[in-house]
Amino acid sequence: MRSVLGDRVVGICDSPIGLIRRAAAALGLDPALVSPDYVGLNHLGWLRGLTYQGRDVLPGLLADDAALRQVEEARVFGDDWVRTLGALPNEYLYYYYYTRESVAAIDGAGRTRGESLLEQQSRFYAAVRERPLQALAEWGRARRERDATYMAETRESTDAGEREAADLEAGGYEGIALALMAAIARGEPSTMILNVRNGSAVPGLPSEAVVEIPCAVNGSGVRPLATRPLPGRLLGLVQQVKAVEQTTIEAALTGSARLAVEAFALHPLVDSVGTARRLLDGYRARIPELAAVIPGSS
């Protein structure tokens, strides 16, 4: 999208703000009064610092057993690992740091998240067809069920417990979208974590890469804020996944089976050229429209 519309394209996600909100709450702080040092890609980032009144309070949180256990990400990853990282990872990094455990938990669940959501949405549509005047109430029920079961197999396998009521009540993308629109349309200055063109904000990544970082937003638009360099153990993963994303886009635009296999094979969660080829063949067999776009042999 950025290749066509440029800076008019801004990506949003509620995962970073949820992580920041939980970290601030664990310290008894108002999330609106802290400044986060968050950097990465969508669904692949780390909260490396949390400034309050000019002081980074994240090290204090990482050192406090009781406070740390209030943060869902710390319960999922484990106190020792987040202390080893010196940061709180985005929840989706569980799939990278605990790959084998993730696969085992998903296999043990009996069905994938996609299958569960398909069933939930199908029930919603069926209910609305029968009771169209109750559509809003039915959607509220469906959404609460979806939010409550989010990453359920991960929380169950790590004994992280149920999602906090505050997280379920906080909403999701809509709050981020409305805040972004208000800042731009009404000129209400704000600092938000958004997905934008990197430029020079994150050293070590291409300037055209889309990154997830704090941005200053006002009536003039969105301005990425510079970040501290990522250490090698974090930067290497970000670089590899970004290369996969860019190769995937090139494969889609050119219809190249070779590039599609390359994108799969380079992803750290695939880790096999043979598996990459089977994945592409499986997708093409299941989705005829994809076979028309990427018709060549893998």
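Asker: Even after reading the chapter, I still don't get the packing of aromatic side chains, so can you show me in this structure?
Answerer: Between two aromatic rings, the relevant description is the distance of the centres plus the angle of the planes. Tallied over the full model, the rule gives nine aromatic pairs. With centroids separated by 6.1 Å and ring planes inclined at 65°, the aromatic side chains of F77 and Y94 adopt a geometry described as edge-to-face. Pair noted here: F77 is in helix α5 (residues 72–77) and Y94 is in helix α7 (residues 94–97), with a separation of 17 residues, a long-range link. For Y94, a relative accessible area of 3% corresponds to the buried category. With centroids separated by 5.3 Å and ring planes inclined at 55°, the aromatic side chains of F124 and Y125 adopt a geometry described as tilted. The exposure class assigned to F124 is buried, which follows from its relative accessible area of 11%.

Asker: I would appreciate a short explanation of the environment of A87 in the present structure.
Answerer: With respect to the secondary-structure elements, A87 resides in the loop between α6 (79–85) and β4 (88–89). For A87, a relative accessible area of 2% translates into the label buried. Along the backbone, A87 and G45 are 42 residues apart, and their C-alpha atoms lie at a distance of 9.8 Å. Each residue touching A87, except ones within four places of it in the same chain, is listed here: W46, L47, R48, L58, L62 and V82.

Asker: I would appreciate a short explanation of the pairing of strand β2 (residues 44–52) in the present structure.
Answerer: For a regular strand, side-chain orientation follows a simple rule: the groups alternate between the two sheet faces. Here β2 lies mainly inside the structure; seven of its nine residues are buried. Both strand β1 (residues 35–41) and β2 contribute to a ladder of seven bridges, which runs antiparallel. Within the sheet, the bridge partner assigned to Y38 lies in β2 and is L47. As consecutive antiparallel partners, β1 and β2 are separated by two residues, and within that stretch H43 has a phi angle of approximately 65°, a positive value. With two bridges connecting them, β2 and β4 associate as antiparallel partners.

Asker: It is not clear to me how the pattern of salt bridges should be interpreted in this structure. Could you clarify?
Answerer: Proximity of charged atoms lets side chains of opposite charge pair with each other. Applying the stated criterion across every chain yields a total of 20 salt bridges. D79 is the salt-bridge partner of R69, the closest N and O atoms lying 3.6 Å from each other. Of this pair, R69 sits in the loop between α4 (65–68) and α5 while D79 is found in helix α6, placing the two residues ten residues apart along the sequence. Measuring nitrogen to oxygen at the nearest pair gives 2.6 Å for the salt bridge that ties E245 to K242. One end of the pair, E245, and the other, K242, are both in helix α14 (residues 232–254), three residues apart, so they sit about a helical turn from each other. What emerges from the salt-bridge pattern is a single network uniting R111, E119, R123, E130, R131, E138, R141 and E145.

Asker: Explain helix α13 (residues 173–185) to me, please; I cannot follow it from the model alone.
Answerer: Between its terminal C-alpha atoms α13 stretches 18 Å, which fits the 18 Å expected from 13 residues at 1.5 Å a residue. Those residues of α13 not exposed but buried are I176, L180, A182 and A183. The buried residues of α13 occupy an angular sector of 165° when the element is viewed end-on, so they sit on one face. Pointing more than 90 degrees away from the buried face of α13 are the exposed residues L178 and A185. Buried residues in α13 make contact with α2 (15–26), β5 (190–197), β6 (210–218) and β7 (221–224). Where α13 terminates, the next one or two residues include G187, which has phi positive at roughly 65°.

Thresholds, definitions, all that
Residues numbered from 1 in each chain as written. Predicted model: local features only at pLDDT ≥ 70, side-chain atom pairs only at ≥ 80, totals over all residues. Heavy atoms only, no water. Phe/Tyr/Trp six-rings, centres within 6.5 Å; stacked < 30°, edge-to-face > 60°. Helix = DSSP H or I, 4+ residues; strand = E, 2+ residues; numbered from the N terminus. Buried < 20%, exposed > 50% of the residue type's maximum accessible area, 1.4 Å probe, protein only. Contact = heavy atoms within 4.5 Å. Pairing = 2+ DSSP bridges. Salt bridge = Lys/Arg side-chain N within 4 Å of Asp/Glu carboxyl O. Expected span 1.5 Å × (residues − 1). Arc of directions from axis to C-beta.

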